[in-house]
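# Descriptive structure summary
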Amino acid sequence: MLVVQDQEPDPMLPRRYRVRSTWAELAGVTSVELTPVDGAAVAFRPGQFNMLYAFGVGEIAISISGDPAEPQRLIHTTRSVGAVSAALTKLCEGDMLGVRGPFGSAWPVAAETGRHIVFVAGGLGLAPLRPAIYHVLEHRERYAGMTLVYGARSPDELLYAEEIKTWKSRFDTEIEVTVDHANPAWTGRVGVVTSCLDRALAGIDPAMVSAFLCGPEIMMRFSVMSLADAGVPPDRVWISMERNMKCAIGFCGHCQFGPDFVCRDGPVFRHDHVAPLLSMKEI
Amino acid sequence: MRIHGIEEILSEHPVFKAFDKETLELLAGCARNEHFRAGDRIFAEGDPADKVFLLRHGDAAVEIATSERAPIIVETLHAGDVLGWSWMVPPYRHMSDARAMTEIRAVSLGADCMRTKCDDNPALGYQMFQNLLPHMAVRVRALRMQVLDIYGTKKG
Ligand SMILES: Cc1cc2nc3c(=O)[nH]c(=O)nc-3n(C[C@H](O)[C@H](O)[C@H](O)COP(=O)(O)OP(=O)(O)OC[C@H]3O[C@@H](n4cnc5c(N)ncnc54)[C@H](O)[C@@H]3O)c2cc1C
Ligand code: FES
């Protein structure tokens, strides 16, 4: 029987997890599946993140990229950009690490039933969206439609490429993948996410769209403009923000974003709540 | 199978659908149907830009050749898109290669014919540029995002 517990009593105390398996996703990007050493698996909502502690190196925020219906398979996808993320991408089966969480707000997909869900992802931004995509795919009959627009730099930097193919093979989803440039062997689209999004939106009633965006901030800013131009209601657009974190529970102020703390009030925000801040420089 | 007349095809194309019947008849005089098989070269860098293509079905790749490695696809175009801008501005030469990625059905408009009609009828020329410019603007904006290489940083 699957035993799942809600969040840890002491959110500052890491719990020990063991690496069940790891696999390379892309150059410099690795996924790990973790299993708790003491206690049960912890339930999470799509879009939430954990603080992963590489012993002796440090602790960083990493989104949960697995299926919320299978919390016992805790999956994270990490790009190596510095000391801690590099240590996380080098973990091997059987290694131990500390986990605090899950923290933060979630993609409100479960509340958006009856609507046409549009996911817009750029690069590694597909990882925090994947739990929400799983949710919609598992409950597809509850939604009017599902479209994923995903952009990456080049074909060999497409995350979860094999899985995207299986999503594409379903007849009840629209999956549009585009890359910034490619060699002639590539048979898919080349162009920016916004062009692809404009095209995808052309066939959908904008009033029915609920959109979830995750990726580079510039991409999200321009995609929000495309959604607005198409007539998608401003209160139906959510984005995920990244800021460096320390405590992850709204104590230290490290992740402050205007009046909000990304760890506590985000990382998922309704776009119209943070739009004025997004257009400000260096906030 | 239904045969579409050139005027009808133009009237359904995003760039030309705003034109009135009379103008479409005038432009249809410059137009002809085109068909390419997958892999066909549509035009090459340096070729005279003597046509503009309105894609109806299929996908085209715009490529830049490099001496050190395989050509790079910088953009793909699809049904409803316009392929080829160089006919609008001197020296009227293509600045890239274009290749059919799939079978393509298109309508081409002869550049000389179009330019002559626009010169003879400046109101038509103005309307033409007004309709084409937004499409060019979208492409220039997209190009800016590509140049920024946004996936090279942060979450990308
Ligand atoms: C809510 C949230 C969710 C996140 N989810 C993921 C995830 O699913 N997968 C993932 O790989 N990363 C994710 N990140 C980003 C991750 O936390 C950072 O990459 C990490 O903090 C870098 O720590 P480091 O010690 O490895 O590198 P540092 O030594 O802290 O930084 C090394 C270099 O990377 C740059 N850098 C710092 N932060 C980031 C960042 N956010 N993205 C890219 N470069 C950065 C620094 O400017 C520096 O140049 C998330 C961040 C937040 C806030
Ligand atoms: S990380 Fe400390 S307040 Fe957000």
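Keep in mind it's a predicted model, so treat the numbers as computed, not measured.

## Topic: the overall build of chain A
- Scanning chain A from terminus to terminus reveals seven helices and 17 strands.
- Radius of gyration (C-alpha) of chain A: 18 Å, near the 19 Å computed for a compact globule of 283 residues.
- Along the three orthogonal principal directions, the C-alpha set of chain A runs to about 50 × 45 × 40 Å.
- The buried share among the 283 residues of chain A stands at 55%.
- In chain A, once contacts between residues fewer than 6 apart in sequence are set aside, the share between residues at least 24 apart is 70%.
- Only carbon and sulfur atoms are counted for the fraction: they give 54% of the accessible area of chain A, which is about 11900 Å².
- Computed over 26 positive and 32 negative side-chain charges, the separation of the two mean positions in chain A equals 2 Å.

## Topic: the packing of helix α3 (residues 111–120) of chain B against helix α4 (residues 122–148) of chain B
Residues and elements named next belong to chain B.
- Axis separation between α3 and α4 bottoms out at 5 Å; the angle between their running directions is 120 degrees. The angle between α3 and α4 falls in the class oblique. Contacts between α3 and α4 involve Met 114, Lys 117, Cys 118, Asp 119 and Asp 120 on the former and, on the latter, Pro 122, Leu 124, Gly 125 and Met 128.
- Of the residues belonging to the contact of α3 with α4, the class tally is five nonpolar, one polar and three charged.

## Quick look at the environment of A:Leu201
All names here are of chain A.
- The residue Leu 201 is located in helix α4 (residues 193–201) in this model.
- Given a relative accessible area of 8%, Leu 201 falls into the buried group.
- The contacts of Leu 201, once residues within four sequence positions are left out, are Val 118, Ser 226, Leu 227 and Ala 230.

## Overview of the domain arrangement of chain A
Residues and elements named next belong to chain A.
- Considered domain by domain, chain A is made up of domain 1 (3–103) and domain 2 (109–240).
- Between domain 1 and domain 2, the C-alpha centre-to-centre distance is 25 Å.
- With 17 residues of domain 1 at the contact, the number on the domain 2 side is 14 residues.
- Summed over both sides, the interface of domain 1 with domain 2 buries roughly 1100 Å², with 62% coming from carbon and sulfur.
- Broken down residue by residue, the surface that domain 1 buries against domain 2 is led by Leu 26, Pro 46 and Ser 65, which jointly contribute 37%.
- Inspection of the region where domain 1 meets domain 2 yields zero salt bridges.
- Joining domain 1 to domain 2, the criterion identifies two residue pairs in polar contact (both at pLDDT 80 or more).
- Looking at the side of domain 1 that touches domain 2, the elements with two or more residues in it are β2 (15–26), β3 (29–36) and β7 (74–79).
- Top element by residues in the side of domain 1 that touches domain 2 is β7. It accounts for three residues.
- Looking at the side of domain 1 that touches domain 2 residue by residue, the classes come out as eight nonpolar, six polar and three charged.

## Looking at the packing of aromatic side chains
- Tallied over the full model, the rule gives 10 aromatic pairs over all chains.
- Consider the rings of B:Phe36 and B:Phe53, whose centres lie 5.8 Å apart with planes at 70 degrees: the pair is edge-to-face. With B:Phe36 in strand β1 (residues 31–36) and B:Phe53 in strand β3 (residues 51–57), the pair connects residues that are 17 residues apart, well separated along the chain. Assigned by exposure class, B:Phe36 and B:Phe53 land together as buried.
- Relative to B:Phe53, the ring of B:Phe43 lies with its centre 6.4 Å away and its plane at 25 degrees, an arrangement referred to as stacked. With B:Phe43 in strand β2 (residues 41–43) and B:Phe53 in strand β3, the pair connects residues that are 10 residues apart, well separated along the chain. A single burial state applies to B:Phe43 and to B:Phe53, both of which are buried.
- Counting every residue linked through ring pairs, the aromatic cluster contains A:Trp107, A:Phe119, A:Phe212 and A:Trp238.
- Across the ring face of A:Tyr160, the terminal group of A:Arg130 is positioned such that the distance to the ring centre comes to 3.7 Å.

## Focus on the pattern of salt bridges
- If you walk through the whole model with that rule in mind, you get 24 salt bridges over all chains.
- Ionic pairing is found between B:Asp149 and A:Arg153, a salt bridge with its closest N-O pair at 2.9 Å. Note that B:Asp149 is positioned in the segment after α4 and A:Arg153 in the loop between β10 (145–152) and α3 (161–169), a pairing that runs across two chains.
- The partly exposed category is assigned to A:Arg153, whose relative accessible area is 23%.

## Notes on the sheet that holds strand β13 (residues 209–214) of chain A
All names here are of chain A.
- Taken in spatial order, the seven strands line up as β12-β11-β10-β9-β13-β14-β17 in an open sheet, and their pairing is mixed. A strand with exactly one partner marks an edge of an open sheet, and here the two such strands are β12 (189–190) and β17 (268–270).
- The sheet contact formed by β13 and strand β14 (residues 237–240) spans three bridges and is parallel. Residue pairing in the sheet places Phe 212 in a bridge with Trp 238 of β14.

Reading the values: the criteria
- Residues numbered from 1 in each chain as written.
- Chains lettered and ligands numbered in written order.
- Predicted model: local features only at pLDDT ≥ 70, side-chain atom pairs only at ≥ 80, totals over all residues.
- Heavy atoms only, no water.
- Helix = DSSP H or I, 4+ residues; strand = E, 2+ residues; numbered from the N terminus.
- Rg over C-alpha atoms; globule rule 2.2 N^0.38 Å.
- Buried < 20%, exposed > 50% of the residue type's maximum accessible area, 1.4 Å probe, protein only.
- Contact = heavy atoms within 4.5 Å.
- Areas by Shrake-Rupley, 256 points an atom, 1.4 Å probe, with all protein chains shown as cover.
- Lys, Arg positive; Asp, Glu negative; His and termini not counted.
- Charge placed at Lys NZ, Arg CZ, Asp CG, Glu CD.
- Axes fitted to C-alpha atoms, helices over the stretch in contact; angles between N-to-C directions.
- Parallel < 35°, antiparallel > 145°, perpendicular 65-115°, else oblique.
- Nonpolar A, V, L, I, M, F, W, Y, C, P; charged D, E, K, R; others polar.
- Domains from an automatic or database assignment.
- Buried area = accessible area lost by both parts, 1.4 Å probe.
- Salt bridge = Lys/Arg side-chain N within 4 Å of Asp/Glu carboxyl O.
- Polar contact = N/O pair within 3.5 Å; in protein donor to acceptor, adjacent residues only side chain to side chain.
- Phe/Tyr/Trp six-rings, centres within 6.5 Å; stacked < 30°, edge-to-face > 60°.
- Lys NZ or Arg CZ within 6 Å of the ring centre and 35° of its normal.
- Pairing = 2+ DSSP bridges.

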